[in-house]
Number of protein chains: 6
Amino acid sequence: MLLHLSTWHEVEVYLEQSKGIILPIGSTEQHGPTGLIGTDAICAEAVAKGVGEVIKAMVGPTINVGMALHHTAFPGTISLRPSTMILLIRDYITSLTKAGFTKFYFINGHGGNIATLKAAFSETYAHLEDLQIPNASKVQCQIGNWFMCGSVYKLAKELYGDEEGSHATPSEVALTQYIYPEAIKQVLLSSEVASSHKIYSATNFRECYPDGRMGSNPALATPEHGKQFYDLAVKELGNSYLEFMNSD
Amino acid sequence: MLLHLSTWHEVEVYLEQSKGIILPIGSTEQHGPTGLIGTDAICAEAVAKGVGEVIKAMVGPTINVGMALHHTAFPGTISLRPSTMILLIRDYITSLTKAGFTKFYFINGHGGNIATLKAAFSETYAHLEDLQIPNASKVQCQIGNWFMCGSVYKLAKELYGDEEGSHATPSEVALTQYIYPEAIKQVLLSSEVASSHKIYSATNFRECYPDGRMGSNPALATPEHGKQFYDLAVKELGNSYLEFMNSD
Amino acid sequence: MLLHLSTWHEVEVYLEQSKGIILPIGSTEQHGPTGLIGTDAICAEAVAKGVGEVIKAMVGPTINVGMALHHTAFPGTISLRPSTMILLIRDYITSLTKAGFTKFYFINGHGGNIATLKAAFSETYAHLEDLQIPNASKVQCQIGNWFMCGSVYKLAKELYGDEEGSHATPSEVALTQYIYPEAIKQVLLSSEVASSHKIYSATNFRECYPDGRMGSNPALATPEHGKQFYDLAVKELGNSYLEFMNSD
Amino acid sequence: MLLHLSTWHEVEVYLEQSKGIILPIGSTEQHGPTGLIGTDAICAEAVAKGVGEVIKAMVGPTINVGMALHHTAFPGTISLRPSTMILLIRDYITSLTKAGFTKFYFINGHGGNIATLKAAFSETYAHLEDLQIPNASKVQCQIGNWFMCGSVYKLAKELYGDEEGSHATPSEVALTQYIYPEAIKQVLLSSEVASSHKIYSATNFRECYPDGRMGSNPALATPEHGKQFYDLAVKELGNSYLEFMNSD
Amino acid sequence: MLLHLSTWHEVEVYLEQSKGIILPIGSTEQHGPTGLIGTDAICAEAVAKGVGEVIKAMVGPTINVGMALHHTAFPGTISLRPSTMILLIRDYITSLTKAGFTKFYFINGHGGNIATLKAAFSETYAHLEDLQIPNASKVQCQIGNWFMCGSVYKLAKELYGDEEGSHATPSEVALTQYIYPEAIKQVLLSSEVASSHKIYSATNFRECYPDGRMGSNPALATPEHGKQFYDLAVKELGNSYLEFMNSD
Amino acid sequence: MLLHLSTWHEVEVYLEQSKGIILPIGSTEQHGPTGLIGTDAICAEAVAKGVGEVIKAMVGPTINVGMALHHTAFPGTISLRPSTMILLIRDYITSLTKAGFTKFYFINGHGGNIATLKAAFSETYAHLEDLQIPNASKVQCQIGNWFMCGSVYKLAKELYGDEEGSHATPSEVALTQYIYPEAIKQVLLSSEVASSHKIYSATNFRECYPDGRMGSNPALATPEHGKQFYDLAVKELGNSYLEFMNSD
């Protein structure tokens, strides 16, 4: 059930049976020579919609731009600063909490969002309690990173071994190929790829990772792999969502 | 050309021939008993993609949540505060200006975004000049409101007369019906509809407009109308974009 | 009745009969070779005081500096950033709402303030409701732009035609001449004047409008015209204020 | 020379001979049963204009609302929060520094502004140096409190002794009587007046000082005293301004 | 070498040979019935000083209060909001970067700080590059969590097994006992202890964890254990710091 | 009684008999050729602990970094911006107020903190009342500057006369020598020392005060003097604290 395709009456009815909502969050950032700039948002949105269908949960609008400051030396990247993203998350949750939602499950496509999301949750819990909004103390947020699902990780290791890398990975590229087969890119990748550098400033990042990949070989990706990753992620995060909803 | 389906190399190539980008911005807010909560984002995104295809312009990710504080007494609405939205817009434009973009054309689906967008542009121009970012003084932002296109307005008047109203209008509902025919809602609308109240607090808004409509009769909408509105908006905003690109 | 010339007891008494207050807001910005830097504040203050006298309404202190970032490449201009101005407006309204005021009528002398004022109103309504301040949901703000009064506009067209322009206009210069006849400037204006450029960064603005005028010929202004504009604006905004007070 | 009555050309000429500007800052707050709510702004503005005339210095627009949070339990008071006021002062000085001003002399009418002004100056010096604005390191701000002038203090002691008190004082009331004789209030003051309480929250302040006075007897004020205070303050702050301008 | 016991000349000399600094960061929060409120700050400071001595590295002042919003329903807890802490960290690093430091190693005593620290680092890298501070692109921050050292973790498991828990743990209590033997608390702990609840709002946290412990049995702690933890942490973090300094 | 060496139970018990807490606040800034960078924090902490012992008052964690922007051109200085420090103070007091504290006594070691502290108190009183936190209107903050104690000042004058100066003073250096005799620095000081310059930007400060001292001769300091200053400050501030606690 997509919030964007619902009416407010339908939301009202939904809230009688569930206080939970899934919020997909991605990023708009370089993903190497062949990865799509929208990779993280595309994956999060697709998986979230899949989970929502299977589980009959409300799925909110995708947050297309996240915390990708370290990628901003590559053209096409758009990033919120962490301080902006904290306010954005706070505004989202505050709006929805006033309407009666109390369980927020973020399906996330970008590792760089995790720290800021967690900081935003802490900020928001305190904000809601400060304002004495009804049910403030019951608000709960959780992150489900599709790329960190045990089943996804296992398959990626089987298919790609060390060539999975940690950014512009074949697994995420495969998932976008499954969703947008018309946007599969054919570019010859250099066989050497940088890896193992820590992430600091945007300038430093581009110096360390000149083509944007971090130890990955996205040439291994196929749409069929993408389908497999999709199925695994939807199943695992669906269960994770249900567990979250059933916890106190 | 969609930014989300491009690689950073493709963006680099694009920037050699154009410094312009289209950014769709909508809202996530109640649209009356039959209108979709995502109406404004859906419309802005569809029109922006249409313009991008026709004009061969880059289209960035949709900003799904805008300034809809006055709708937050209805469940399902999500709103940024203006102060948050200013930071968000500033972060978007700053990221893209560093990459070389200087012309930002926002295709907007929500009247409530306009004031804050304009404030954000002013804030951003000064921010970029303060930081002495190259080309800062050349950055230009413009808003194209699809629903305020002369051709769109004319058709809406012809089709609906005064029943167009000003929120949850048949024209925007028609456009969403064209894009998502599977999400057409069948709800009996009361024949009386509130109108003419000014917009103040969220509580006051819901008191004044109990079912969320503002003087409109969205029951008049059809997907065929939606197609007409789509074609008109794409054409008119396409020309507006080209004019913007050709101006100094 | 001027707030600045009242005691707090008098305000208490006033609040028993009215919850309305007029707040003049101007700007401190270049107004071409002959226009006063304080033009927008001078005009707003004069008209507001005039309205206050006629209507027996409370008039608050003039906000002398507004949103004029695009004029800051000219010496003498002072501007708030929109984000600062939003906080300022929020603080003003919050202070006065706690005291019992609920109707805020801004008499505005500067087009560049409008977008940020509207954003500030939205921010403030939500802020007051968040804090659960008594009467928060009843707070209403409205803008009365003296220069956009129908009667003022009509007279300006009659007197100046296209030479009214859109900044450093003869109508606003005339009004300042009426109020400060001792500060009428005699400078030879070039017969050519820039016009039709959109407003972007401060640097760009000065490049487009080298002497600060936007399509105007302020040499046409006279103090007598100023008197006429004053009378029309006071009358029209007085009625507008009363209408605002009588609305729900 | 008033900035508000000057053109930008005149400012340009002024800057060739002086980099100094006087900025009057007051407050909009209760001043006891007979004191005007605008007292602090009225006094600061009058003295600033007087100094400007004598010394031929540029005088900027009056900051009518300052930091008066502790007075907000009395109707009519308007206050900025310190965090807002810091941004306001930063924006003012940044605008003027870009134009070439480097010496900012604040003529202040309200003790409650001092701490926040000093904090704002520190914030602004760092902000300007961070932005690498030309002359940033030369920017200097100073506060001239008219009510703390040695000569003013001496006269107040002579005229009123301990009845001068510390808020709604006869000296400031006298000064407003001199400037606005038409606004002299006749109210019987209770002979007892609270004093010696420290200033904490707004609620606490009103509990401690129920009529708003702090140990003062403003009934002693006369317009003639006001003239004397005015002359002393203009003279002493004029000298202080010159000393400031002549220092490195 | 402690920054607080150095002169600025000594810092200048130090910078000729090293650009690195250690910054201890803790928290001020409840640590169960027997744990000290300062536990996290005490441990971070002690370990940081130990590392600084062994490695001859500069150690900055301890950040005593961190992100502990979820503990604020227990008296004695003090917490920054994440948005405040981001500004604090940004200000620290900006000050030190201007002086020439580029490598910031945070020795952290509190798991709740990690997300906000990481968000703060991202914010700061971008801030420094935006301001074009020399060496901005070279700035690097790293976190060394003493309680997550492999050697520490191993010993804790050996000594306490599952009774280590995750807050008010015997290992951290032991370390404070070693440092402040005079502050060892004797309180009978209930044998049952809550565990496995996720962390959300402060109110919820106290409901879930009524005595403040999270699955731990701090009664097992001894000062002798503390000495062992101290030695292991100093050794392991010392190596980690050197590795950080030697990396690009 | 140190908060950091207490448990939350002990704080709960303490609150039954007292609502007061002492918060030491210092700075991390250059103190001339021989003064320690931590001077202000060291002194504030030592005096606060002394007062806490004598008076049996709770002493919170030391705020080691304050408002020292004007010293940031000297390496080793760390400063918060005033806007950050206001948030920090607000967060501290908000946390503690929720727990039941209402009287906050800041023992301060740095003149540069005073203005921002006062601004922060005003901001915080309003913040707490806005949030309708219980006892918000009773919250009271006070600053006790150890170096401005009458007894301390008198002794400094006796011992050092004009060579006390106003920064890197022999009195504060003496106090650090008493506390950290192992960190007494032996550097030959030039007999000439700058004085009498006002404080503006960091760059300007270093130009005016090239070795960091402001009119002082810290070579006169001895640990024995430090002991005397310590005893005087503890006694005088202890009395001041008690007076604060006994006031309404």
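Residues numbered from 1 in each chain as written. Chains lettered and ligands numbered in written order. Predicted model: local features only at pLDDT ≥ 70, side-chain atom pairs only at ≥ 80, totals over all residues. Heavy atoms only, no water.

- The name an unreviewed UniProt entry assigns to chain A is Creatininase family protein, from the organism Cyanomargarita calcarea GSE-NOS-MK-12-04C.
- According to the UniProt record, the Sequence similarities (unreviewed entry) comment for chain A reads "Belongs to the creatininase superfamily."
- Among the UniProt annotations of chain A, the heading Cofactor (unreviewed entry) holds the following wording: "Zn(2+)". (UniProt positions renumbered as here; feature names shortened; annotations may be inferred.)

**Section: the overall build of chain A**
Line of reasoning, step 1. Check the secondary structure of chain A and you find 8 helices and 4 strands.
Line of reasoning, step 2. Helices and strands appear in chain A in the N-to-C order α-β-α-β-α-β-α-β-α-α-α-α.
Line of reasoning, step 3. Relative to its length of 248 residues, chain A is compact, with a C-alpha radius of gyration of 18 Å against a globular reference of 18 Å.
Line of reasoning, step 4. Judged by the C-alpha coordinates and their principal axes, chain A covers about 55 × 35 × 30 Å.
Line of reasoning, step 5. The buried share among the 248 residues of chain A stands at 67%.
Line of reasoning, step 6. Considering only contacts in chain A between residues 6 or more positions apart, those separated by 24 or more positions represent 77%.
Line of reasoning, step 7. Total accessible area on chain A stands at roughly 8500 Å², and carbon and sulfur atoms take up 52% of it.
Line of reasoning, step 8. The average position of the 17 basic charges and that of the 25 acidic charges among the side chains of chain A differ by 3 Å. (Helix = DSSP H or I, 4+ residues; strand = E, 2+ residues; numbered from the N terminus. Rg over C-alpha atoms; globule rule 2.2 N^0.38 Å. Buried < 20%, exposed > 50% of the residue type's maximum accessible area, 1.4 Å probe, protein only. Contact = heavy atoms within 4.5 Å. Areas by Shrake-Rupley, 256 points an atom, 1.4 Å probe, with all protein chains shown as cover. Lys, Arg positive; Asp, Glu negative; His and termini not counted. Charge placed at Lys NZ, Arg CZ, Asp CG, Glu CD.)

**Quick look at the packing of helix α2 (residues 39-55) of chain B against helix α6 (residues 170-179) of chain B**
All names here are of chain B.
Line of reasoning, step 1. The contact between α2 and α6 brings their axes to 9 Å, and the two run at 65°. By the angle between their directions, the pair α2 and α6 is classed as roughly perpendicular. By crossing handedness, the relation of α2 to α6 is classed as left-handed. Residues Thr-39, Asp-40, Ile-42, Cys-43, Ala-46 and Val-47 of α2 touch α6, and the partners they reach there are Glu-172, Leu-175, Thr-176 and Ile-179. (Axes fitted to C-alpha atoms, helices over the stretch in contact; angles between N-to-C directions. Parallel < 35°, antiparallel > 145°, perpendicular 65-115°, else oblique. Left-handed = near helix turned anticlockwise from the far one by under 90°.)

**What to know about the interface of chain A and chain B**
A common way to state how big an interface is: give the accessible area lost once the parts meet.
Line of reasoning, step 1. Counting from both sides, the interface comprises 51 residues of chain A and, opposite them, 51 residues of chain B.
Line of reasoning, step 2. Buried area between chain A and chain B, summed over both chains or domains, comes out near 4100 Å², and the portion from carbon and sulfur atoms is 64%.
Line of reasoning, step 3. Among the residues of chain A in contact with chain B, His4(A), Leu5(A) and Trp8(A) are the three that bury the most area, contributing 19% of the side total.
Line of reasoning, step 4. The tally of links from chain A across to chain B stands at 6 salt bridges. (Buried area = accessible area lost by both parts, 1.4 Å probe. Salt bridge = Lys/Arg side-chain N within 4 Å of Asp/Glu carboxyl O.)

**Structural notes on the arrangement of the chains**
Line of reasoning, step 1. Considering only C-alpha positions, the minimal separation of the non-contacting chain A and chain D is 17 Å.
Line of reasoning, step 2. What separates chain B from chain F at the closest point of their C-alpha atoms is a distance of 17 Å, and the two make no contact.

**As for the packing of helix α3 (residues 82-99) of chain A against helix α4 (residues 114-130) of chain A**
Residues and elements named next belong to chain A.
Line of reasoning, step 1. For the pair α3 and α4, the least separation of the axes is 9 Å and the interaxial angle reads 50°. By the angle between their axes, α3 is oblique relative to α4. In terms of crossing hand, the pair formed by α3 and α4 is right-handed. Contact residues: α3 offers Pro-82, Met-85, Ile-86, Ile-89, Arg-90, Ile-93, Thr-94 and Thr-97, while α4 offers Thr-116, Leu-117, Ala-119, Ala-120, Phe-121, Glu-123, Thr-124, His-127 and Leu-128.

**Quick word on the relation of the copies chain A and chain B**
Line of reasoning, step 1. Between the two copies, chain A and chain B, the superposition gives an RMSD of 0.0 Å; the rotation angle is 180° and the shift along the axis is 0.0 Å. What the rotation and shift describe, once combined, is the action of a two-fold rotation axis. Considering only C-alpha atoms, the residue of chain A closest to the rotation axis is Thr84(A), which sits at 3.4 Å.
Line of reasoning, step 2. Of the interface residues in chain A, 100% have counterparts in chain B that sit at the interface too, so the contact is made through matching surfaces. (Least-squares fit on C-alpha atoms with pLDDT ≥ 70 in both.)

**Some points on the side chain of Arg213(C)**
Residue and element names in this part refer to chain C.
Line of reasoning, step 1. By the secondary structure assignment, Arg-213 is in the loop between α7 (202-208) and α8 (223-246).
Line of reasoning, step 2. Judged by relative accessible area, Arg-213 falls into the buried class, the value being 2%.
Line of reasoning, step 3. Looking at Arg-213, its side chain comes within polar contact range of the main-chain oxygen of Ser-190, at 3.1 Å.
Line of reasoning, step 4. Not counting the four nearest positions on each side in its chain, Arg-213 is found in contact with Gly-32, Pro-33, His-167, Ala-168, Leu-189, Ser-190, Glu-192, Val-193, Ala-194 and Pro-218. (Polar contact = N/O pair within 3.5 Å; in protein donor to acceptor, adjacent residues only side chain to side chain.)

**Digging into the sheet that holds strand β1 (residues 20-25) of chain C**
All names here are of chain C.
Line of reasoning, step 1. One open sheet accounts for 4 strands, arranged β2-β1-β3-β4; its pairing is parallel. Single-partner strands in this sheet number two, and they are β2 (58-59) and β4 (140-145).
Line of reasoning, step 2. Lying on the sheet, helix α3 (residues 82-99) is in contact with β1, β3 (103-108) and β4; it crosses β3 at an angle near 140°.
Line of reasoning, step 3. On the sheet, α8 packs against β1, β3 and β4 and is oriented at approximately 160° with respect to β3. (Pairing = 2+ DSSP bridges.)

**Here's the deal with the interface of chain E and chain A**
Line of reasoning, step 1. Listed by partner, the interface residues are 29 residues for chain E and 28 residues for chain A.
Line of reasoning, step 2. Roughly 2200 Å² is buried in total at the junction of chain E and chain A, and carbon and sulfur atoms are behind 57% of that figure.
Line of reasoning, step 3. Across the pair Glu123(A) and Arg81(E) runs a salt bridge, and its minimum N-O distance is 3.7 Å.
Line of reasoning, step 4. Here chain E and chain A share 7 residue pairs in polar contact (both at pLDDT 80 or more) between them.
Line of reasoning, step 5. Residue assignment for the side of chain E that touches chain A shows that the elements contributing at least two residues are α3 (82-99), α4 (114-130), β4 (140-145) and α7 (202-208) of chain E.
Line of reasoning, step 6. A total of 9 residues in the side of chain E that touches chain A trace back to one element, the largest contributor, which is α4(E).
Line of reasoning, step 7. Of the residues in the side of chain E that touches chain A, the class split is 15 nonpolar, 9 polar and 5 charged. (Nonpolar A, V, L, I, M, F, W, Y, C, P; charged D, E, K, R; others polar.)

**What to know about the relation of the copies chain E and chain A**
Line of reasoning, step 1. Note on the identical chains: chain E maps onto chain A by a rotation of 180° and an axial translation of 0.0 Å, with an RMSD of 0.0 Å.
Line of reasoning, step 2. A high fraction, 97%, of the interface residues of chain E reappear at the interface in chain A, so the copies pair face to face through one surface.

**Describing the sheet that holds strand β4 (residues 140-145) of chain D**
All names here are of chain D.
Line of reasoning, step 1. The strand order β2-β1-β3-β4 describes an open sheet built from 4 strands, whose pairing is parallel. Each edge of the sheet is formed by a strand with only one pairing partner; in this case those strands are β2 (58-59) and β4.
Line of reasoning, step 2. Bridging between strand β1 (residues 20-25) and β2 involves 2 bridges; their strand directions are parallel. Across the sheet, the residue bridging to Ile-21 is Met-58, located in β2.
Line of reasoning, step 3. Here helix α3 (residues 82-99) sits on the sheet in contact with β1, β3 (103-108) and β4, set at roughly 140° to β3.
Line of reasoning, step 4. Contacting β1, β3 and β4, helix α4 (residues 114-130) runs over the sheet at an angle of about 170° to β4.

**Overview of α3(D)**
All names here are of chain D.
Line of reasoning, step 1. When the terminal C-alpha atoms of α3 are compared, their 26 Å separation across 18 residues agrees well with the 26 Å that a helix rising 1.5 Å per residue should span.
Line of reasoning, step 2. Burial of α3 is extensive: 14 of the 18 residues sit out of reach of the surface.
Line of reasoning, step 3. Residue Gly-100 follows α3 closely and has a positive phi angle near 120°. (Expected span 1.5 Å × (residues − 1).)

**So, the pattern of salt bridges**
Line of reasoning, step 1. The tally for this structure, following the rule as stated, stands at 66 salt bridges over all chains.
Line of reasoning, step 2. With a closest N to O distance of 2.6 Å, Lys227(B) and Asp231(B) form a salt bridge. With a gap of 4 residues between them, Lys227(B) and Asp231(B) both fall in helix α8 (residues 223-246), about one helical turn apart.
Line of reasoning, step 3. A salt bridge links Asp91(F) to Arg81(E), with the shortest nitrogen-to-oxygen separation between them at 3.7 Å. Of the two residues, Asp91(F) is situated in helix α3 (residues 82-99) and Arg81(E) in the loop between β2 (58-59) and α3; the pairing between them involves two chains.
Line of reasoning, step 4. Residue class for Asp91(F) comes out buried when judged on its relative accessible area of 4%.
Line of reasoning, step 5. Where salt bridges share partners, they join Arg81(A), Arg90(B), Asp91(B) and Glu123(E) into one cluster.

**Some details on the state of the cysteines**
Residues and elements named next belong to chain E.
Line of reasoning, step 1. On inspection of all chains with the given rule, the structure shows 0 disulfides over all chains.
Line of reasoning, step 2. Free of any disulfide, Cys-43 has its nearest neighbouring cysteine sulfur in Cys-149, separated by 12 Å.
Line of reasoning, step 3. When its relative accessible area of 1% is taken as the criterion, Cys-43 is described as buried. (Disulfide = S-S within 2.5 Å.)

**Quick look at the environment of Ala115(E)**
Line of reasoning, step 1. Locating Ala115(E) in the fold gives a position in helix α4.
Line of reasoning, step 2. The exposure class assigned to Ala115(E) is buried, which follows from its relative accessible area of 14%.
Line of reasoning, step 3. Remark: the alpha-carbon pair of Ala115(E) and Thr84(E), spanning 31 residues in sequence, is separated by 14 Å.
Line of reasoning, step 4. Once residues within four sequence positions are removed from consideration, Ala115(E) is found in contact with Ala115(A), Lys118(A) and Ala119(A).

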